[in-house]
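Fold and geometry: a report
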Amino acid sequence: MSLPPDATAVSVPELTPEGLAGGAPGADAVRCAGLTYRFGDHVAVDHVDLRIAQGETFGLLGPNGAGKTTTIRMLTTLLKPMAGTVTVFGTDAAAYPMRVRRMIGYVPQLLSADATLTGRENVELFGRLFDVPRKLRAERVQGALAAMGLTDAAQRLVKTYSGGMIRRLELAQALVSAPSLLVLDEPTVGLDPIARSDVWEFIDQLRESSPITVLMTTHYMDEADTYCDRVSLMHA
């Protein structure tokens, strides 16, 4: 399947991670030790140990209810671990959440783009939320849209986008801050096979153009086999 013309020769130096944003040089991209979380009496995550190397694409697999999303939410500082530790490029996520957030681009499981805004406005909003410097913001927004093949559709309202285009827009939102770690929570869930293939072609192109680390959850074994360097299985 060919990429759209505006994405065939995209060079995106403006999206290349700018160092480790305060992380320790040479540290693992992600390290979890004894990571635990409970919802009342229910143990959602039970003493998870995990290590992800810099530049790796790592797949976290498991059935519904295994704790994948809860693990992701602790890693992205949306939940504080009840026991254990999680570090991102050597920085403790619980102790320094804002520092960790500056290193991460996050695409959640549920579609989150604002349908009443244009594609460009959505990415610009994320640029402001992630405090991308004003002098760099326009270039970053344009680079993120181009990297995901959305330049021609940037001025359209998101409510006119297909499901696959919305997923690519959410990837652009996650990339605008030039993260060192891209976290994808079931990035192709609910998409048809063609849209799934499109999304992964753009993610592959991104990996080839920058030294980004990718952590993904998925239910699709073929995706894990094709795109991940290593995988880990979680079970309830």
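Residues numbered from 1 in each chain as written. Predicted model: local features only at pLDDT ≥ 70, side-chain atom pairs only at ≥ 80, totals over all residues. Heavy atoms only, no water.

Helix and strand counts for the protein stand at 7 helices and 9 strands. Contacts spanning at least 24 positions in sequence make up 74% of the contacts within the protein whose residues lie at least 6 apart. Summing over all exposed atoms, the protein offers an accessible surface of approximately 10800 Å²; the carbon and sulfur share of this is 54%. (Helix = DSSP H or I, 4+ residues; strand = E, 2+ residues; numbered from the N terminus. Contact = heavy atoms within 4.5 Å. Areas by Shrake-Rupley, 256 points an atom, 1.4 Å probe, with all protein chains shown as cover.)

Turning our attention to the pairing of strand β3 (residues 57–61). Within β3, 5 of the 5 residues are buried, which leaves it mostly tucked inside the rest of the structure. Side chains Thr57, Gly59 and Leu61 project from β3 onto one buried face, and the interleaved Phe58 and Leu60 project onto a second face that is buried too. Pairing between β3 and strand β8 (residues 213–218): 5 bridges, direction parallel. Considered in β8, the bridge of Phe58 is made with Leu215. Relative to strand β9 (residues 230–233), β3 runs parallel, the two sharing 4 bridges. Counterpart to Gly59 in the pairing with β9 is Val231. (Buried < 20%, exposed > 50% of the residue type's maximum accessible area, 1.4 Å probe, protein only. Pairing = 2+ DSSP bridges.)

Taken as a whole and judged by the stated rule, the model has 3 aromatic pairs. Centre to centre, the rings of Trp200 and Tyr227 are 4.3 Å apart; their planes meet at 5 degrees, and the pair counts as stacked. Placement of the pair is Trp200 in helix α6 (residues 193–209) and Tyr227 in helix α7 (residues 221–227), with a sequence separation of 27 residues. A residue is classified by how much of its surface remains accessible, and Trp200, at 2% relative accessible area, is buried. Taking relative accessible area as the criterion, Tyr227 reaches 17% and is therefore assigned buried. Here the guanidinium or amino end of Arg196 rests over the ring plane of Tyr220, the centre of that ring lying 3.8 Å away. (Phe/Tyr/Trp six-rings, centres within 6.5 Å; stacked < 30°, edge-to-face > 60°. Lys NZ or Arg CZ within 6 Å of the ring centre and 35° of its normal.)

This paragraph deals with the packing of helix α5 (residues 163–175) against α6. Relative to each other, α5 and α6 sit at 25 degrees, their axes nearing to 9 Å. Compared by their axis directions, α5 and α6 come out roughly parallel. As for the relative orientation of α5 and α6, their crossing is right-handed in sense. Contact residues: α5 offers Gly164, Arg167, Arg168, Leu171 and Leu175, while α6 offers Ala195, Val199, Phe202, Ile203 and Leu206. For the contact of α5 with α6, the residue count by class is 7 nonpolar, 1 polar and 2 charged. (Axes fitted to C-alpha atoms, helices over the stretch in contact; angles between N-to-C directions. Parallel < 35°, antiparallel > 145°, perpendicular 65-115°, else oblique. Left-handed = near helix turned anticlockwise from the far one by under 90°. Nonpolar A, V, L, I, M, F, W, Y, C, P; charged D, E, K, R; others polar.)

Next up on the list: the sheet that holds β3. Across the sheet, 5 strands lie side by side as β6-β7-β8-β3-β9; this open sheet has parallel pairing. The outermost strands of the open sheet, each flanked by one partner alone, are β6 (104–107) and β9. Averaged over all adjacent pairs, the angle separating strand axes in this sheet is 15 degrees, with direction ignored. Pairing geometry for strand β7 (residues 181–185) and β8, over 5 bridges, is parallel. Within the sheet, the bridge partner assigned to Leu184 lies in β8 and is Met216.

Another aspect to go through is the confidence of the model for the protein. Looking at the protein, the pLDDT average stands at 86 and 89% of residues meet or exceed 70. Low confidence marks residues 1–14, where pLDDT is under 50. Its contacts with residues over four positions away, or in another chain, come to 31 contacts. Segment residues 18–22: pLDDT under 50, and 13 contacts once partners within four positions in sequence are set aside and those in other chains are kept. (pLDDT = per-residue confidence, 0-100.)

Moving on: unusual backbone geometry. Negative phi is the rule for most residues except glycine; trans is the rule for most peptide bonds. Here His47, not a glycine, exhibits a phi torsion of approximately 50 degrees, which is positive. By the element assignment, His47 lies in strand β2 (residues 42–52).

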